[in-house]
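# Examination of the molecular architecture
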Amino acid sequence: MSFTELGLKPELLRAVAEKGYDTPTPIQSQAIPAVLAGRDVLAGAQTGTGKTAGFVLPLLQLLGDGRGRIPRVLVLTPTRELAAQVAESARTYGKYVDPRTVVVFGGVGIHPQIGALRSGCDLLVATPGRLLDLVEQRALDLSGVEHFVLDEADRMLDMGFIPAIKRILKLMPAKRQNLMFSATYSEDIRGLATRLLRQPETIQVTPRNATAERVEQTAYKVIKEHKRHLLAHLIREGDWQQVLVFTRTKHGANRLAQQLYAAGINTAAIHGNKSQGARVRALAEFKAGKVTALIATEVASRGLDIKELPWVVNYDLPNVPEDYVHRIGRTARAGASGGAISLVAPDEAPLLRDIERLLKRSLVISATPQFEIPVGQAAAGDGQQRRQPAPRPAGRPGGGNQRHRSSRNQRGSWRSAGRGG
Ligand code: AMP
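Here's what I pulled together on the structure shown here.

The secondary structure content of the protein chain amounts to 16 helices and 14 strands. Here the protein chain holds 421 residues, and 55% of them are scored as buried. Once local pairs closer than 6 in sequence are excluded, the contacts in the protein chain between residues at least 24 apart make up 73%.

Written out as structure tokens, the structure reads:
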């Protein structure tokens, strides 16, 4: 199958060819004809599958020639990063057609966005909060929307955007084409799809809730206090050049970034408390290879398009098992291979079980590599470490014997704490 066979017009094919794509991805070959035919679409696809072009290309075609004043296409995304990426794609693919793309999201000044909307907009990409602000300020009129895209619907739900989305739906004409994309399916997502979509074409490009086949997944058991040392060890010993590390909290992301930096690893953190400028800068430096470890919270990481990311580390296991699928979807993308490593502390055993239940298989727990803990930073009762040759804390037995005994302690404490959790 080629792009030409999908029924796209020459101006769009030209932009696609310039991007260097010769074959549509599975989501593209299914979604593009369906969208062009005016069908509603429910697509199970995560970032990395080419889903953006799957809706942007046909929608640009449906917009036809000419420029309008108010948007006819609205794409809602959960995060600023994803909004920026979708808009960038729309501009790239729309290089040789007339319709104008505008992107609006929070965290930056509203006035330039008002100005951009005033100059005319055909395709609007927006995050829900800022969109509603603009409507309230009477800077945005959604009464002309003919095509609506809800991107990463599962994330919208997790982030509590459903009330905002309900309000937004009321601002658009009832008669319109609706496309919904979600990486995972829960009952809530199915409910939302039933309300939003009319006889949708259903497209599933990876098996439901299945993690990418090529991603090698491993878990290591390690107590919380030692996670950072193990991570530093993995980065150094594996000579990792690029790793995306997930923490549960913003505070945790900041702290880990500082700790890894202190351990001599180039690091940046990306989360909701960072300004938009700082987030964009961190991502750019990471993409350019200037930053080895990008520490991210779930929300900030959604939709990040980082090509051929070799390593993803779950520093904290996600509370929502579906997030695991999302996180590890960042690696082994576009044909590259990669690995996902989860660091599982004793109290995270129940979270691991939830993930395994969702995946319908168990994760391989590998023997935790021996790693060093800088002197003076060992936690009470710890094990695992191959002590640096230099001074040992008093009272510790030495050599291989110590290592053996320590790793038994480690396993023992994991088991006992795991039972309690
Ligand atoms: P997405 O899932 O939309 O975020 O896209 C993931 C990545 O795949 C982006 O970097 C796209 O530029 C790239 N991509 C999209 N479509 C194709 C294609 N047909 N061939 C090769 N790469 C593609």
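Having seen it, we continue.
Moving on: the site of the ligand. Close contacts around the ligand come from 15 residues, with Tyr-21, Gln-28, Gly-48, Gly-50 and Thr-52 the closest. Contact between the ligand and Thr-49: an oxygen atom at 3.1 Å from a main-chain N or O atom of the residue. Notes on the ligand: free accessible area 500 Å², of which the protein chains cover 83%. The class makeup of the residues in the shell around the ligand is three nonpolar, eight polar and four charged. For the shell around the ligand, the domains that each give at least three residues are domain 1 (3–204) and domain 2 (215–405).

Another point: the pattern of salt bridges. Taken as a whole and assessed by the stated rule, the structure comprises 16 salt bridges. The salt bridge involving Asp-323 is made with Arg-155; its shortest N-O contact spans 2.6 Å. Of the two residues, Asp-323 sits in helix 14 (residues 321–328) while Arg-155 sits in helix 7 (residues 153–158), which places them 168 residues apart along the sequence. As far as burial versus exposure is concerned, Asp-323 and Arg-155 are alike and both buried. For Glu-348, the salt bridge is made with Arg-248, and the minimal N-O distance between the two is 3.0 Å.

Let us look at the pairing of strand 5 (residues 147–150). Neither face of strand 5 is open: one carries His-147 and Val-149, the other Phe-148 and Leu-150, and all of them are buried. Pairing geometry for strand 2 (residues 73–76) and strand 5, over four bridges, is parallel. Bridging across to strand 5, Val-75 finds its partner in Val-149. Where strand 5 lies against strand 6 (residues 177–182), four bridges are found, and the strand directions are parallel. Of the residues in strand 6, the one forming a bridge with Leu-150 is Met-180.

Our focus in this paragraph is the sheet that holds strand 7 (residues 201–204). Spatial strand order, 3-4-2-5-6-1-7: seven strands in an open sheet with parallel pairing. The open sheet terminates on both sides in strands that have one partner only, identified here as strand 3 (101–104) and strand 7. Between one strand axis and the next, the sheet turns by 10° as a mean value, whatever way the strands run.

Attention now moves to helix 2 (residues 26–36). Residues lying three or four places apart along an α-helix face the same way, a consequence of the helix completing one turn every 3.6 residues. Restricting attention to buried positions, one finds in helix 2 the residues Ile-27, Gln-28, Ser-29, Ala-31, Ile-32, Ala-34 and Val-35. Structurally, helix 2 contributes buried residues whose contacts are with strand 1 (41–44), helix 3 (51–63), strand 6 and strand 7.

Close contact between helix 4 (residues 80–93) and helix 12 (residues 276–287) brings their axes to 11 Å; oriented N to C, the two are set at 65°. As judged from the angle between their axes, helix 4 and helix 12 are roughly perpendicular. The way helix 4 lies across helix 12 gives a crossing that is right-handed. Between helix 4 and helix 12, the residues in contact are Arg-80, Glu-81 and Gln-85 and Gln-276, Arg-279, Leu-283 and Lys-287, respectively. Class assignment of the residues belonging to the contact of helix 4 with helix 12 gives a composition of one nonpolar, two polar and four charged.

Take the packing of helix 10 (residues 227–237) against helix 11 (residues 250–262) next. The N-to-C vectors of helix 10 and helix 11 enclose an angle of 50°; their axes lie 10 Å apart at closest approach. Considering the angle they form, helix 10 stands oblique to helix 11. In the packing of helix 10 onto helix 11, the handedness of the crossing is right-handed. Of helix 11, the residues touching helix 10 (which contributes Arg-228, Leu-231 and Ala-232) are Leu-256, Gln-259 and Leu-260.

This paragraph deals with unusual backbone geometry. The backbone of Glu-152 sits at a positive phi, close to 50°, despite the residue not being glycine. With respect to the secondary-structure elements, Glu-152 resides in the loop between strand 5 and helix 7.

With respect to the helices and strands, Thr-297 occurs in strand 11 (residues 293–297). Discounting chain neighbours no more than four positions away, the residues touching Thr-297 are Phe-246, Thr-247, Arg-248, Thr-249, Lys-250, Ala-253, Ile-270, His-271 and Gly-272.

Here the focus is the packing of aromatic side chains. A complete count under the given rule lists three aromatic pairs for this structure. Plain terms: the ring middles of Phe-55 and Phe-181 are 5.1 Å apart, the flat faces sit at 50° to each other, and that makes the pair tilted. Here Phe-55, found in helix 3, pairs with Phe-181, found in strand 6; they are 126 residues apart in sequence, far enough to count as distant. On the basis of relative accessibility, which here comes to 1%, the residue Phe-181 falls in the buried class. Here the basic side chain of Arg-14 rests over the ring of Tyr-96, its NZ or CZ set 3.7 Å away from the ring centre. The lysine or arginine in question, Lys-227, covers the ring of Tyr-315, its NZ or CZ lying 5.8 Å from the ring centre.

Further remarks concern the nonpolar core. Phe-3, Phe-55, Leu-57, Val-75, Leu-123, Val-125 and Leu-179 are the most contacted members of the largest nonpolar core, which has 38 residues in total. For this core, the secondary structure elements donating two or more residues are helix 1 (10–19), helix 2, strand 1, helix 3, strand 2, helix 4, strand 4 (123–126) and strand 6. With residues near it in sequence (within four places) discarded, Leu-57 still touches Phe-3, Leu-8, Leu-12, Val-16, Ile-32 and Tyr-93. If you look at the next biggest cluster of nonpolar residues, it comprises 37 residues, including Cys-121, Val-135, Ile-165 and Met-180.

Cut-offs and rules
- Residues numbered from 1 in each chain as written.
- Predicted model: local features only at pLDDT ≥ 70, side-chain atom pairs only at ≥ 80, totals over all residues.
- Heavy atoms only, no water.
- Helix = DSSP H or I, 4+ residues; strand = E, 2+ residues; numbered from the N terminus.
- Buried < 20%, exposed > 50% of the residue type's maximum accessible area, 1.4 Å probe, protein only.
- Contact = heavy atoms within 4.5 Å.
- Near = heavy atom within 4 Å.
- Polar contact = N/O pair within 3.5 Å; in protein donor to acceptor, adjacent residues only side chain to side chain.
- Areas by Shrake-Rupley, 256 points an atom, 1.4 Å probe, with all protein chains shown as cover.
- Nonpolar A, V, L, I, M, F, W, Y, C, P; charged D, E, K, R; others polar.
- Domains from an automatic or database assignment.
- Salt bridge = Lys/Arg side-chain N within 4 Å of Asp/Glu carboxyl O.
- Pairing = 2+ DSSP bridges.
- Axes fitted to C-alpha atoms, helices over the stretch in contact; angles between N-to-C directions.
- Parallel < 35°, antiparallel > 145°, perpendicular 65-115°, else oblique.
- Left-handed = near helix turned anticlockwise from the far one by under 90°.
- Phe/Tyr/Trp six-rings, centres within 6.5 Å; stacked < 30°, edge-to-face > 60°.
- Lys NZ or Arg CZ within 6 Å of the ring centre and 35° of its normal.
- Core = buried A, V, L, I, M, F, W, Y, C linked by side-chain atoms within 4.5 Å.

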